[in-house]
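# Chains, contacts and geometry: an overview
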Amino acid sequence: MASFGWKRKIGEKVSKATSQQFEAEAADDKDVGDDDDANWVHAAKRRKEILLEDCVRKSKELKDEGANLAENRRYREALVKWDEALQLTPEDATLYEMKSQVLMSLHEMFPAVHAAEMAVQRNPRSWDAWQTLGRAQLGLGEIALAIRSFQVSLHIFPMNPEVWKEDLSWARKLQEQQKATKTESVQGLAKGKELAQEPIPDYDFESDEIVAVCAAIAEKEKALSAAKTMVIVSASGTVETVTDQDNCPATPDETLFIRAR
């Protein structure tokens, strides 16, 4: 559809009064349009502000409800409240930090570390968020990372005695124990490797002592083979031990009942 617009034809004379009247009407229409646009933008901004205020207010109510539930050890219910609050105010670092504490109480360390990391990302200047992150990292056995988190927390708030005396001190003690355990393990492995590689002694089988022992054993075996011993049990039940010599063999009589060597 063709739009209508004021056009002045070539050669056509338009009176000055008519032209001025048209320009004045056009200016009035423009002012009215500008006012309508300004009012619409202002109304939209105001609605947005009201919506944000409602979200913040509702989120605070949910946060307080969750805190009361957590104090009564109703941790699962507290997490539900805080998740609802995060839907309204997703940039609230305090909600993530509180959630991490509750997850640690439930011994869910991986989600606890994740929640604490989200808190630190949203508010890097929060010393308590860094403290909570360090405690969650300790729960996972990440001692070096936990020490760093505690140090950042102290850098933000140097006068915090809890981090100094409890968190950082405990983490450093665990680190020393871990180093000592690793040292003992390495030493044990090295000792076992040395024992495994110990050479077999090189015995001298032609020494005088070995030759003398072998000769004595040979003489004893020769004497035993020269004399043969027999046990004879007669029919009457008499047991007799007889030694046969190679040069004078003994022949038992007809009373032999059992012959055992």
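Preceding this paragraph is the structure being described.
Below or above, wherever it landed, is the structure these notes cover. This is a predicted model, so every value here is computed, not measured.

Reading the values: rules and limits
Residues numbered from 1 in each chain as written. Predicted model: local features only at pLDDT ≥ 70, side-chain atom pairs only at ≥ 80, totals over all residues. Heavy atoms only, no water. Helix = DSSP H or I, 4+ residues; strand = E, 2+ residues; numbered from the N terminus. Buried < 20%, exposed > 50% of the residue type's maximum accessible area, 1.4 Å probe, protein only. Contact = heavy atoms within 4.5 Å. Areas by Shrake-Rupley, 256 points an atom, 1.4 Å probe, with all protein chains shown as cover. Expected span 1.5 Å × (residues − 1). Polar contact = N/O pair within 3.5 Å; in protein donor to acceptor, adjacent residues only side chain to side chain. Salt bridge = Lys/Arg side-chain N within 4 Å of Asp/Glu carboxyl O. Core = buried A, V, L, I, M, F, W, Y, C linked by side-chain atoms within 4.5 Å. Axes fitted to C-alpha atoms, helices over the stretch in contact; angles between N-to-C directions. Parallel < 35°, antiparallel > 145°, perpendicular 65-115°, else oblique. Left-handed = near helix turned anticlockwise from the far one by under 90°. Nonpolar A, V, L, I, M, F, W, Y, C, P; charged D, E, K, R; others polar.

## With respect to the overall build of the protein chain
If you tally the helices and strands in the protein chain, you get 8 helices and 3 strands. Going residue by residue from the N terminus, the α and β elements of the protein chain occur as α-α-α-α-α-α-α-α-β-β-β. Out of the 261 residues belonging to the protein chain, those deemed buried represent 24%. Pairs at least 24 residues apart make up 40% of the contacts formed inside the protein chain by residues separated by at least 6 positions. Of the roughly 20,000 Å² that the protein chain leaves accessible, carbon and sulfur atoms contribute 56%.

## Side note on helix H3 (residues 93-105)
Along an α-helix, a turn takes 3.6 residues, which lines up residues three or four apart on a common side. Here H3 contains 13 residues, and its C-alpha end-to-end distance of 19 Å stays within 8% of the 18 Å for a straight helix at 1.5 Å per residue. By the criterion of burial, H3 is predominantly enclosed, with 10 of the 13 residues buried. For H3, the complete set of buried residues consists of Ala93, Leu95, Tyr96, Glu97, Met98, Lys99, Ser100, Val102, Leu103 and Met104. For H3, the side-chain oxygen to backbone nitrogen distance between the N-cap and Thr94 is 3.0 Å, and the N-cap itself is Asp92. Within two residues after H3, His107 carries a phi angle of roughly 60°, on the positive side.

## Some details on the side chain of Gln131
Inspection of the secondary structure assignment puts Gln131 in helix H5 (residues 127-139). In this structure Gln131 comes out as buried when scored by relative accessible area, which is 6%. If sequence neighbours within four positions are ignored, Gln131 has contacts with Phe150, Ser153, Glu162, Val163 and Asp167.

## Structural notes on the pattern of salt bridges
Under the counting rule described, the total for this entry stands at 11 salt bridges. For Glu108, the salt bridge is made with Arg76, and the minimal N-O distance between the two is 2.6 Å. With a gap of 32 residues between them, Glu108 in the loop between H3 and helix H4 (109-122) and Arg76 in helix H2 (residues 75-88) connect regions that are remote in the sequence. According to the relative accessible area criterion, Glu108 is partly exposed, its value standing at 23%. Its relative accessible area of 48% is what places Arg76 among the partly exposed residues. Asp167 is the partner of Arg135 in a salt bridge, and the nearest nitrogen-oxygen pair spans 2.9 Å. With a gap of 32 residues between them, Arg135 in helix H5 and Asp167 in helix H7 (residues 161-196) connect regions that are remote in the sequence. One continuous salt-bridge network, built from bridges that share partners, spans Asp54, Arg57 and Glu61.

## Topic: the nonpolar core
If you look at the biggest cluster of nonpolar residues, it comprises 27 residues, and the most contacted ones within it are Ala70, Trp82, Val102 and Leu133. Of all the secondary structure elements, the ones that give two or more residues to this core are helix H1 (16-71), H2, H3, H4 and H5. Here this core gets 7 residues from one element, more than from any other, and that element is H4. Not counting residues within four places of it along the chain, the set of residues in contact with Trp82 comprises Leu62, Lys63, Gly66, Ala67, Ala70, Leu95, Met98, Lys99 and Val102. In terms of nonpolar packing, the next biggest core, distinct from the first, is built from 10 residues, Ile143, Leu154, Val163 and Leu168 among them.

## Examining H5
Helix length check: H5 (13 residues) gives 19 Å between terminal C-alpha atoms against 18 Å at 1.5 Å per residue, within 8%. Along H5, the residues classified as buried are Ala129, Trp130, Gln131, Thr132, Leu133, Gly134, Ala136, Gln137 and Leu138. Phi for Gly141, located one or two positions after H5, is positive at around 85°.

## Regarding the packing of H4 against H5
Where H4 contacts H5, the two axes come as close as 9 Å, and the packing angle between them is 155°. Between H4 and H5, the crossing angle belongs to the class labelled roughly antiparallel. Judged by the twist between their axes, the crossing of H4 over H5 is left-handed. From H4, Met109, Ala112, Val113, Ala116, Glu117, Ala119 and Val120 reach across to H5, where they touch Ala129, Trp130, Thr132, Leu133, Ala136, Gln137 and Gly139. Per-class residue counts for the contact of H4 with H5 are 10 nonpolar, 3 polar and 1 charged.

## Section: the packing of H3 against H4
Here H3 crosses H4 at 160°, and the two axes come no closer than 8 Å. The pairing of H3 with H4 is recorded here as roughly antiparallel in orientation. Crossing of H3 against H4: the hand is left-handed. Between H3 and H4, the contacting residues are Ala93, Tyr96, Glu97, Ser100, Leu103 and Met104 on the first element and Met109, Pro111, Ala112, Ala115, Ala116, Met118, Ala119 and Arg122 on the second. Across the contact of H3 with H4, the residue classes break down as 11 nonpolar, 1 polar and 2 charged.

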